[in-house]
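Inside the fold
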Amino acid sequence: MSMHAVGDFDGDGIWEAAALSRSPDGLWLTVYKYSGWGWAETGRWRWPEVAVQSLYAVPAAVNGRSGHNLVLGWAAETGPSLSVMDWTTEGPAERVRYAVPAGGEDDRAYRAPALLPASVNTTSGQLWGYVDGGGKLRLPAVYDYAESFQSNGLAVVSKDGKNGIINTRGQFVVEPRFDSIGPFSEGRAVVSDSKGAYVIDEQGRRVTPPDKVYSYIQAYSEGRALFYLMGQGESTACGYLDREGGEAIPASFMEGTDFQNGKAVVKVKNGLYRLIGLKGEALTELPYAFVGPLSEGVMAYQAAEGGKYGFVNEQGAAVIAPAFTGAQPFQEGHAVVNTAEDYGANYGLINTSGKFTIPAGYADIRLLGQGRAALGKSIDPAKPYLGTRYAISDLNGNLYSNFQFLAVEDFNRGAASVQDAKNTFFIGPDGKRITRLPLVPGSGTLSLEGGLIRAQVDNRLSYLTPAGRVVWAQNTVIPLTLPYLVKELKYKPNKDYLVYYPQVEGITPPSVREQVNRRLAELSKVKPVPAAQQLESSYTGDFQVVFYRGRLLQLLLEGYDYPFGAAHGMPSRVYPPVDLGSGRFYVLKDLFKPESGYLKVLSAIVKKQIDSGAYPYVWPDNYKGISEDQLFYVTENDLHLLFTPYEIAPYAAGFPQFTVPFTDLDPILDKNGAFWRSFHP
């Protein structure tokens, strides 16, 4: 194959020619420059082995230069896509990719990210970087967490416990200093720190005034962002910001919704709601106990507190009489309603006339878009908390599948991700599996990311081609110093029981290695679990290396047990320190000299830290000191002591952690002991 494009790619007024050709060692992009005497090669780059359909140049004025962009057309089973390449000093770099829908859909091109977040297991725990469409790591794995690049070419990343924003070159546009950063909407993002919430623009500049900090700000919609101010006690008031950060509508309401078509619903006081315009002007008074958000010209409402739900129009007149115990917003001319009493589930689907197009009788109904709904029936009607199985139907209840799916996502570009008891895959509007797209063993979701499939399955992220070839997956081997390494093994005997656990290679003799690995599997809760039986709770387990030095491997084994129907599950942690030389698992007392009174010393240090006020969420009266079996781990210079949820603090506090420098413990440390020498050789 051979194809070419001619244009002034570097903006110097002299044209270049780009030629894509195949040689025995692969596909190459070669660029030539016209010198006045002829064409001379200026660069050559290996190109991904994918189906390039076209190559051409288009005039562009980007990044402060005038010239041409190189545009490539790719063939993919999900449909064609276009790559727009910027010209850099190092050659062409993908600026953005657009996925073009197949015939029969709308004519918009879907912008697809040129870089995709990817996780890497390291000896410092799980870190995140970014890969390109070919699965090559383009931005190194240096972040605690990385989100997808947004349409403006920016991505939120986390580092050292704080959030910042990077561009596609990995440069920080906003240094990591925020507790949270929301997605950009209309060129604005909501950020928060210890003082509260405020708004920044795409350059990281603060938009809201320096003296204005809010309790909460919602993402922008139609040039307005709902904000809340915390008053005395539990009272709050809300209003709306404009894009310049000013208070376009002062905080004079109890509640509010996003603007849609220039209108929003606000709660003025108990028993009175109001439909307002973008300037806060009153459009319609709604004297009801409850009014929901505007959707397709109507709003769910309750005439009296505790009464049934119906729908009113924008003039406040009832268009569907109150007859339901629950009512969701309209989509595609239909709304999901509930008719069950006592907080039960008996869902149906109504049209704009209030007539049932799908009679009530389902444990759940979800509108999926493209004229389709997921109808749910309880796995065990006597125990509805055990979950739901879904079938696909149209909005009149005509079934396109059996009740076989355990989870269903919305339709996007003609495909919806579903999972059954064994696999995750795509279905079309006909309810049948799209066989030209991958089927991935395990439970999770798939999504279309330009020409790739993003698979978040069994708590692992990977990227696949439409044909099912994996171009990126998190590594399952963590190299240590030779001859040691840590392998990740997966144990999933039941759809509701999943454990990733470590096994160490390189320990000798083999009998010691087997003993170590057997103990690690036990601590990870690898145990007999019935395969086909419906469990009463789900369990997930995972691990990471938190520290490695010398002969000491410090692991973290995490678990989360969630009883179905409970408000939340219970997390667990174990930090086994393993000596790779001897196979010994150390305990806390092994760090200290015999008869050193280490528990008394540690207890006093932690109490002093609590009394300092640095841990305001801790219940001081619950702290009873450090115990022999205290949860702990070590790093090179510090001892870290932890408490389990509810032990000395609320559940939301997680595992309260106290760090004690070894310099504060020097008199009682056993520096000739095996534990200390294992990581201070």
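Shown above is the structure to which this text applies.
Below: a short report on this structure. Since we're looking at a predicted model, the values are computed, not measured. (Residues numbered from 1 in each chain as written. Predicted model: local features only at pLDDT ≥ 70, side-chain atom pairs only at ≥ 80, totals over all residues. Heavy atoms only, no water.)

Things to note about the sheet that holds strand S36 (residues 364-369)
Taken in spatial order, the 3 strands of this open sheet run S36-S37-S38, and their pairing is antiparallel. With partners counted over all chains shown, the strands left at the sheet margins are S36 and strand S38 (388-394), one partner each. When strand polarity is set aside, the average angle formed by the axes of neighbouring strands in this sheet is 25°. Of the strand pairs in this sheet, S36 and strand S37 (residues 372-378) are connected by 5 bridges, and their pairing is antiparallel. Bridge pairing in S37 places Gly369 opposite Arg372. (Pairing = 2+ DSSP bridges. Helix = DSSP H or I, 4+ residues; strand = E, 2+ residues; numbered from the N terminus. Axes fitted to C-alpha atoms, helices over the stretch in contact; angles between N-to-C directions.)

Describing the environment of Gly348
In this fold, Gly348 is placed in strand S34 (residues 347-351). Using a relative accessible area of 0% as the deciding quantity, one classes Gly348 as buried. Between the C-alpha atom of Gly348 and that of Ala360, which follows or precedes it by 12 residues, the distance is 3.7 Å. Those residues in contact with Gly348, other than ones at most four positions away along the chain, are Ala335, Val336, Val337, Phe356, Ile358, Pro359, Ala360 and Ile365. (Buried < 20%, exposed > 50% of the residue type's maximum accessible area, 1.4 Å probe, protein only. Contact = heavy atoms within 4.5 Å.)

Things to note about unusual backbone geometry
Here the residue pair Leu482 and Pro483 is connected by a cis peptide bond, since its omega of 10° sits within 30 degrees of zero. Among the secondary structure elements, Pro483 is positioned in the loop between strand S47 (477-479) and strand S48 (485-494). Omega for the peptide link from Thr508 to Pro509 comes to 0°, which places this bond in the cis form. With respect to the helices, strands and loops of the structure, Pro509 is situated in the loop between strand S49 (497-505) and helix H1 (510-523). Positive phi is not limited to glycine here, since Glu332 has a value of about 50°.

As for the sheet that holds strand S32 (residues 326-327)
With antiparallel pairing, 4 strands are arranged side by side in an open sheet as S32-S33-S34-S35. At either margin of the open sheet sits one strand with a lone partner, and together these are S32 and strand S35 (356-362). Where S34 meets S35, 3 bridges bridge the pair, whose relative direction is antiparallel. Within the sheet, the bridge partner assigned to Leu349 lies in S35 and is Ile358.

With respect to the side chain of Asn163
In this fold, Asn163 is placed in strand S15 (residues 162-166). Those residues within four positions of Asn163 in sequence are excluded, and the remaining contacts are Val156, Val157, Ser158, Glu175, Pro176, Arg177, Phe178, Asp179, Ser180 and Ile181.

Observations concerning the nonpolar core
The nonpolar side chains of soluble globular proteins are, as a tendency, buried together. Residues Phe592, Val634, Leu639 and Leu665 are the most contacted members of the largest nonpolar core, which totals 31 residues. Examining the composition of this core, we find that 5 residues originate from one element, helix H2 (residues 598-611), more than from any other. Counting 21 residues, the second largest nonpolar core, distinct from the first, contains Ala118, Val120, Ala146 and Val471. (Core = buried A, V, L, I, M, F, W, Y, C linked by side-chain atoms within 4.5 Å.)

Looking at the pattern of salt bridges
If the charged atoms of two oppositely charged side chains come close together, the side chains can form a pair. Applying the stated criterion to the full structure yields 21 salt bridges. In this structure, Asp496 engages Lys495 in a salt bridge whose closest nitrogen and oxygen atoms are separated by 2.9 Å. On the accessibility criterion, Asp496 (13% relative accessible area) is buried. Here Lys495 falls in the partly exposed class, since its relative accessible area comes to 24%. (Salt bridge = Lys/Arg side-chain N within 4 Å of Asp/Glu carboxyl O.)

Thoughts on the layout of surface pockets
Sizing a probe to match a water molecule and rolling it over the atoms shows the empty space that remains. There is about 460 Å³ of room inside the second largest pocket. Along the wall of the second largest pocket there are 24 residues; nearest its centre are Gln419, Ser443, Lys495, Asp496 and Ser538. Breaking the lining of the second largest pocket down by element, the ones donating at least two residues are strand S44 (452-457), S49, strand S50 (537-549) and strand S51 (552-563). (1 Å grid on protein atoms, 1.4 Å probe; cavity = no way out; pocket = protein on both sides within 12 Å on 5 of 7 lines; lining within 4 Å. Points joined across faces, edges and corners; volume = space filled by probe spheres on them.)

Describing the packing of aromatic side chains
Tallied over the entire structure, the rule returns 31 aromatic pairs. Pairing Tyr362 with Phe403 gives two aromatic rings, centres 6.4 Å apart and planes at 20°, and the pair type is stacked. Linking Tyr362 in strand S35 with Phe403 in the loop between S38 and strand S39 (407-408), this pair joins segments that are 41 residues apart in sequence. Judged by its relative accessible area of 19%, Tyr362 falls in the buried class. A connected cluster of aromatic rings, assembled from ring pairs, spans Phe547, Tyr586, Phe632, Phe662, Phe675, Trp676 and Phe679. (Phe/Tyr/Trp six-rings, centres within 6.5 Å; stacked < 30°, edge-to-face > 60°.)

Quick look at the environment of Gly223
Turning to its location among the elements, Gly223 is positioned in the loop between strand S20 (216-217) and strand S21 (225-230). Among the residues examined, Gly223 registers a relative accessible area of 12% and is labelled buried. Measuring from C-alpha to C-alpha, the distance between Gly223 and Arg243 comes to 5.7 Å, with 20 residues separating the pair along the chain. With residues near it in sequence (within four places) discarded, Gly223 still touches Glu186, Leu241, Asp242 and Arg243.

Topic: the side chain of Thr30
The residue Thr30 is located in strand S3 (residues 26-34) in this model. Taking the relative accessible area as the measure of exposure, Thr30 reaches 5% and is therefore buried. In this structure Thr30 touches Ala17, Ala18, Ala19, Glu41, Gly43 and Arg44, once residues within four positions along its chain are discounted.

Description of the pairing of strand S55 (residues 638-642)
Along S55, 4 of the 5 residues are buried, which leaves the element largely enclosed by surrounding structure. Connecting the antiparallel pair strand S54 (residues 631-634) and S55 is a turn made up of 3 residues. The pairing of S55 with strand S56 (residues 657-661) spans 5 bridges and is classified as antiparallel. By the bridge assignment, His640 is partnered in S56 with Thr659.

Considering H1
Compared with the 20 Å implied by 1.5 Å per residue over 14 residues, the 20 Å span of H1 between its first and last C-alpha is a close match. Listing the buried residues of H1 in full gives Val512, Val516, Asn517, Leu520 and Ala521. Elements in contact with the buried residues of H1: S49, S51 and strand S53 (577-579). Positive backbone phi, approximately 65°, marks Lys525, located one or two places after H1. (Expected span 1.5 Å × (residues − 1).)

Section: the pairing of S54
Burial of the side chains of S54 extends over both faces: Leu631 and Tyr633 are buried on one face and Phe632 and Val634 on the other. Here 4 bridges tie S54 to S55, and the two strands are oriented antiparallel to one another. Looking across to S55, one finds that Tyr633 is bridged to His640.

Overview of H2
With 14 residues, H2 should cover 20 Å at 1.5 Å per step; its first-to-last C-alpha distance of 20 Å lies within 8% of that length. Phi for Gly613, located one or two positions after H2, is positive at around 90°.

Any link to function would need more than the numbers given here.
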